[in-house]
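# Structure assessment
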Amino acid sequence: MISKPGPRSANPVDVHVGARIRLRRKVLKMSQEKLGEQLGVTFQQVQKYERGANRVGASRLWKISEVLDVPVSFFYDGLSTEYGGQNDSPALMAAEPDQSPLVYEFINSSDGVSLAKAVLQIKNKAVRRQILELARSLAKSEQEGE
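Residues numbered from 1 in each chain as written. Predicted model: local features only at pLDDT ≥ 70, side-chain atom pairs only at ≥ 80, totals over all residues. Heavy atoms only, no water.

## Section: helix 7 (residues 125-144)
This is how the line gets drawn: Numbering of helices and strands runs from the N terminus, with a helix taken as a DSSP run of H or I at least four residues long and a strand as a DSSP run of E at least two residues long. A helix's residues, less one, multiplied by 1.5 Å, set its expected span. As used in this structure description, the phrase polar contact means that two N or O atoms lie within 3.5 Å; if the pair is within protein, one of them must be able to donate a hydrogen and the other to accept it, and residues adjacent in sequence are counted only when both atoms belong to side chains.
For helix 7, built from 20 residues, the straight-helix expectation of 28 Å at 1.5 Å per residue is met to within 8% by its first-to-last C-alpha distance of 29 Å. For helix 7, the capping residue at the N-terminal end is Asn 124, with a side-chain oxygen 2.8 Å from the backbone nitrogen of Ala 126.

## Some words on the nonpolar core
Across soluble globular proteins, nonpolar side chains have a tendency to be buried as a group. Quick note on the threshold: As used here, the term nonpolar core means buried Ala, Val, Leu, Ile, Met, Phe, Trp, Tyr and Cys residues forming a set that is joined through side-chain atoms within 4.5 Å. Buried means the residue's accessible area, taken with a 1.4 Å probe over protein chains only, is under 20% of the maximum for its type, while exposed means over 50%, and partly exposed covers the values in between. Note on contacts: a residue pair qualifies if any of its non-hydrogen atoms lie within 4.5 Å across the two residues.
With 20 residues, the main nonpolar core has Ile 21, Leu 35, Ile 64, Leu 68 and Phe 75 as its most contacted residues. Of all the secondary-structure elements, those providing two or more residues to this core are helix 1 (12-27), helix 2 (32-39), helix 3 (43-51) and helix 4 (58-67). Per-element tally for this core: the top contributor is helix 1, with 4 residues. Leu 35 has contacts with Ile 21, Arg 25, Met 30, Val 46, Val 67 and Leu 68, leaving out every residue within four places of it along the chain.

## A word on helix 3
Selection rule: Here the arc refers to the set of directions running from the helix axis out to each C-beta atom.
By the burial criterion, the buried members of helix 3 are Gln 45, Val 46, Tyr 49 and Glu 50. Down the axis of helix 3, the smallest arc covering the buried residues is 140°, so these residues share one side. Each element contacted by the buried residues of helix 3 is listed here: helix 1, helix 2 and helix 4. Backbone geometry just after helix 3 places Gly 52 at a positive phi near 85°.

In structure tokens form, the structure reads like this:
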């Protein structure tokens, strides 16, 4: 179960939606400024959406989905509903909560989106698996060197 966020902390759902906006924008190689222009907001506002600091309203999310050429549901992919709160109300959380910080860090890294995009372009599943094993091996040898 997720603890209730404080009044100043970003809601986990807003952070997730923001990360998905950032991911799609970066895949399209679109700047925050260009996205903001198409939405009629400043690039600072786009930054706040992407961090989850500001919530994205329904009509704005609809417009973002049009500009980024994805369905609105794209922004919620990876969330699941878990019941069991005090009022038996659903709490949205990442499908694999222990992986969420790692995924967000990867998406926000300078090479994360580029690497993911390049790997997805490789059609041969065995080659993709070899790349994964290479990355694991490199990470392991780096940890052993510490």
